[in-house]
Amino acid sequence: MNLDLTEDQRQVRDAVRGLCEREFAPFAPRWDREGIVPRDAVSKLAEQGFLGMAIPEEWGGVGYDSRTIVVVLEEIARVSAALAIMIAVHNSVGALPVFRFGTDAQRRRFLPRLVSRELAAFSLSEPGAGSDAAAIASIAVRQGDTYVLNGSKNWVTNGQQAGVYLIFARTEKAAGSRGLSAFIVERGAAGLVVGNPEDKMGLRGSDTVSLSLEDLRVPLEQRLGEEGEGFKIAMSMLDAGRIGVGAQALGVMRAAFDEAVRYAQLRMAFGQPIAKIQAVQWKFAEMERRIQCARLLIQQAAWLKDVGQPYTREAAMAKLYASEAATWVTHQAIQVHGGYGYVKEYAVERFYRDARVMEIYEGTSEIQRLVIARGLLKDGAAV
Ligand code: CAA
């Protein structure tokens, strides 16, 4: 695995970094305070192709490989983790499944909107089915050429703004994970009731809603994949999504680290900048170590995906490590700031709140450990 960025990847990174610093960084604290990332921010990313990162050019996307996508997500997360998760979910578990599992007719119908302007949402979890995704209770009953969906979904990122929803429901009661199917549902469909945004601890600019499916009629031609394939579609897409969450965590911890170093070089105590104090330097050494380890695991998972090798376990390791590192690094960044780190005037307060959920969504740390252990027992240790 070559860790150097290619010239193309470097150009993409520099372009997205410039865009983020110019257009988003000044507003990210306000998005957090007001609890919304404006449409305009998504449109600016759309103009540069960032809504179609995983979609090939012949289908209107920019066709980036995974290593380029993680670079983009890291840069966005450095200024706004809320915007990063909106874009990560849209690309990895929203638009990509339509391309990967969709028919040509579905691709023609939905991809042009998704790569150019509309956000996608991924709706797997339910009040009674979070970590145990196969326990989904929402049902989809086929009536001729239509499915009728009933049930409740929750934790739907982009749920308020999305134009297209990927919804998982049970088509066969007794079949466990093999009884789930995936459906593409359009915003405004009768019977799709979108709840109010959750009042979250962090990532406040990104909306997270519940959905109520009330006799929601979905035409047969909007089923994604075969009947019964829903669980595998969800799991394989989450593999890609988890690399993206790792990259998001990496962006947040880098931002927190930079703030902590900057502060420590200015803040005086005991007659010197606190950066000269060994106890603070040790924190920096540990932060840097975790940042680099996270980057290597993320790059490894992305590279495996790019070369077409299995990467489920590596994606879980990248997500697990990076999210735990992000909560640790942001915690230490507050510690370096002392009392100032605990007030909203300093960015590290936001980074800390934003990082926390990364150990929870797209599979908790406990689920990542389970995925890693199952892979290990099945295929042997990674070499
Ligand atoms: N890719 C493809 N297929 C997979 C797979 C993968 N990564 N993982 C499992 N499968 C297949 C298995 O091979 C198996 O196939 P067969 O039926 O043919 O044998 C089938 O799926 C069932 O697999 P398991 O027996 O392993 O299933 P399980 O019920 O034990 O669950 C789990 C496995 C790993 C715990 C899974 O339920 C899981 O990942 N849970 C967490 C769910 C999650 O991440 N939710 C996040 C929702 S999105 C979100 O966070 C909101 C957001 O918008 C940010």
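Everything quoted here is computed from the prediction, not taken from an experiment.

**Q** Looking at this structure, I do not really get the overall build of the protein chain. What am I missing?
**A** Within the protein chain one finds eleven helices and ten strands. Computed over C-alpha atoms, the radius of gyration of the protein chain comes to 21 Å, within 12% of the 21 Å expected from 2.2 N^0.38 for 383 residues, which places it in the range of a compact globule. Its C-alpha atoms give the protein chain principal-axis dimensions of about 80 × 50 × 40 Å. In the protein chain, which comprises 383 residues, the proportion classed as buried is 54%. Counted over contacts in the protein chain with a minimum sequence separation of 6, partners at least 24 positions apart contribute 74%. Approximately 16800 Å² of the protein chain is accessible, and the part contributed by carbon and sulfur atoms is 52%. Here the protein chain carries 46 positive and 46 negative side-chain charges, and the mean point of each set is 3 Å from the other.

**Q** Explanation requested: the site of the ligand in the structure shown.
**A** Not every one of the 25 residues close to the ligand is listed here, only the nearest: Ser 131, Arg 178, Lys 232, Glu 362 and Arg 374. One of the side-chain N or O atoms of Lys 232 is found 2.7 Å from an oxygen atom in the ligand. Here Glu 362 contributes a backbone N or O atom positioned 2.6 Å from an oxygen atom of the ligand. Taken by itself the ligand offers 1100 Å² of open surface, and the protein chains cover 74% of this. Of all elements in the fold, only β3 (146-157), α7 (230-266) and α11 (365-379) reach the threshold of two or more residues within the shell around the ligand. Here the shell around the ligand is composed, by residue class, of eleven nonpolar, eight polar and six charged. When residues are assigned to domains, the shell around the ligand turns out to be shared by domain 2 (121-228) and domain 3 (232-378), each giving three or more.

**Q** Please explain the UniProt feature "domain: Acyl-CoA dehydrogenase/oxidase N-terminal" (unreviewed entry) in the protein chain as it appears in this structure.
**A** Mapped onto this structure's residue numbering, the UniProt feature "domain: Acyl-CoA dehydrogenase/oxidase N-terminal" (unreviewed entry) falls at residues 6-118. Helix and strand shares over residues 6-118 are 73% and 0% respectively, and the end C-alpha atoms of the span are 30 Å apart.

**Q** In this structure, what is going on with the UniProt feature "domain: Acyl-CoA dehydrogenase/oxidase C-terminal" (unreviewed entry) in the protein chain? I would like to understand it.
**A** The feature "domain: Acyl-CoA dehydrogenase/oxidase C-terminal" (unreviewed entry), as annotated in UniProt, sits at residues 228-377 in this numbering. Between the end C-alpha atoms of residues 228-377 the distance is 26 Å, and the span holds 77% helix and 3% strand.

**Q** Sorry if this is basic, but what is going on with α11 here?
**A** In an α-helix, one full turn covers 3.6 residues, which means residues spaced three or four apart are oriented alike. Taking 1.5 Å of rise per residue, 15 residues should cover 21 Å, and α11 covers 21 Å from first to last C-alpha, within 8% of that figure. Of the positions making up α11, those classed as buried are Ser 365, Ile 367, Gln 368, Val 371, Ile 372 and Gly 375. Buried residues of α11, viewed axially, fall in a sector of 165 degrees; they line one side. The outward face of α11, more than 90 degrees from its buried face, is lined by the exposed residues Glu 366, Arg 374 and Leu 377. Contacts made by the buried residues of α11 are with α7 and α9 (312-337). Downstream of α11 by a residue or two, Gly 380 has a phi angle that is positive, lying close to 90 degrees.

**Q** Just to check I follow, could you spell out the environment of Met 201 for this structure?
**A** Mapped onto the elements of the fold, Met 201 is located in the loop between β6 (192-194) and β7 (208-219). Met 201 sits 169 residues away from Leu 370 along the chain, and the two C-alpha atoms are 26 Å apart. Setting aside anything within four residues of it in sequence, one finds Met 201 in contact with Arg 353 and Arg 356.

**Q** Whenever I open this one, the packing of aromatic side chains confuses me. Can you help?
**A** Aromatic rings considered in pairs are described by the distance between their centres and by the relative angle of their planes. Considering all chains together, one arrives at seven aromatic pairs under this definition. An angle of 65 degrees between the planes, with centres 5.2 Å apart, marks the rings of Phe 122 and Phe 168 as edge-to-face. Of this pair, Phe 122 sits in strand β1 (residues 120-123) while Phe 168 sits in strand β4 (residues 164-170); the two residues are 46 residues apart in sequence, bridging distant segments of the chain. The rings of Tyr 263, Tyr 340 and Tyr 346 are connected pair by pair, giving a single aromatic cluster. One residue, Arg 290, lies across the ring of Trp 328, its end atom 3.7 Å from the ring centre.

**Q** In this structure, what is going on with the packing of α7 against helix α8 (residues 278-306)? I would like to understand it.
**A** The relative placement of two packed helices is expressed as an angle between their axes plus a distance between the axes. Close contact between α7 and α8 brings their axes to 10 Å; oriented N to C, the two are set at 155 degrees. With respect to each other, α7 and α8 are oriented roughly antiparallel. Considering the relative orientation of α7 and α8, their crossing is left-handed. Where α7 approaches α8, its residues Ala 240, Ile 243, Gly 246, Ala 247, Leu 250, Met 253, Arg 254, Phe 257, Ala 260, Val 261 and Ala 264 are matched on the opposing element by Val 280, Phe 284, Met 287, Glu 288, Ile 291, Ala 294, Arg 295, Ile 298, Ala 301, Ala 302 and Lys 305. For the contact of α7 with α8, a count of residues per class yields 17 nonpolar, one polar and four charged.

Parameters and conventions
- Once a new chain begins, its residue numbering starts again from 1 and follows that chain's sequence as written.
- In keeping with the model being predicted, local features are shown solely for residues with a pLDDT of at least 70 and side-chain atom pairs are shown and tallied solely at 80 or more, while totals for entire chains, interfaces and linings include all residues.
- Water and hydrogen atoms were dropped before computing side-chain values, which therefore reflect all heavy atoms in the structure.
- Secondary structure elements follow DSSP: runs of H or I no shorter than four residues count as helices, runs of E no shorter than two count as strands, and numbering proceeds from the N terminus.
- Within these notes, the globule rule equals 2.2 Å times the number of residues to the 0.38 power, and the radius of gyration is based on C-alpha atoms.
- Burial status follows relative accessibility: with a 1.4 Å probe on protein chains alone, a residue under 20% of its type maximum counts as buried, one over 50% as exposed, and anything between as partly exposed.
- We call two residues in contact when some of their heavy atoms are within 4.5 Å.
- Areas reported here follow the Shrake-Rupley algorithm with a probe of radius 1.4 Å; residue values treat only the protein chains shown as occluding.
- The positive count covers Lys and Arg only, the negative count covers Asp and Glu only, and His and the chain ends enter neither.
- Every charge is mapped onto a representative atom, which is NZ of Lys, CZ of Arg, CG of Asp or CD of Glu.
- Near residues are defined by distance, with any heavy atom within 4 Å of the molecule or strand qualifying the residue.
- N or O atoms closer than or at 3.5 Å make up a polar contact, with two conditions inside protein: a donor-capable atom paired with an acceptor-capable one, and, for residues adjacent in sequence, both atoms drawn from side chains.
- The classification used treats Ala, Val, Leu, Ile, Met, Phe, Trp, Tyr, Cys and Pro as nonpolar, Asp, Glu, Lys and Arg as charged, and all other residues, Gly among them, as polar.
- Delimitation of the domains relies on an automatic or database domain assignment.
- UniProt positions are given in the numbering used here, feature names are shortened, and annotations may be inferred rather than shown by experiment.
- One fewer than the residue count of a helix, multiplied by 1.5 Å, yields its expected span.
- The directions considered for the arc run from the helix axis to the C-beta atoms.
- Note on ring pairs: Phe, Tyr and Trp rings are taken, using the six-membered ring of Trp, and paired if centres are within 6.5 Å. Classes follow the plane angle, with under 30 degrees stacked, over 60 edge-to-face and the rest tilted.
- Lysine NZ or arginine CZ positioned within 6 Å of the ring centre and within 35 degrees of the ring normal marks a charge as sitting over the ring.
- Between N-to-C directions, angles span 0 to 180 degrees; the directions come from axes that are lines fitted to C-alpha atoms, helices contributing only their stretch in contact.
- An angle counts as roughly parallel when it lies under 35 degrees, as roughly antiparallel when it exceeds 145, as roughly perpendicular when it falls between 65 and 115, and as oblique in every other case.
- Each crossing gets its handedness from the near helix: less than a right angle anticlockwise from the far helix is left-handed, clockwise is right-handed.

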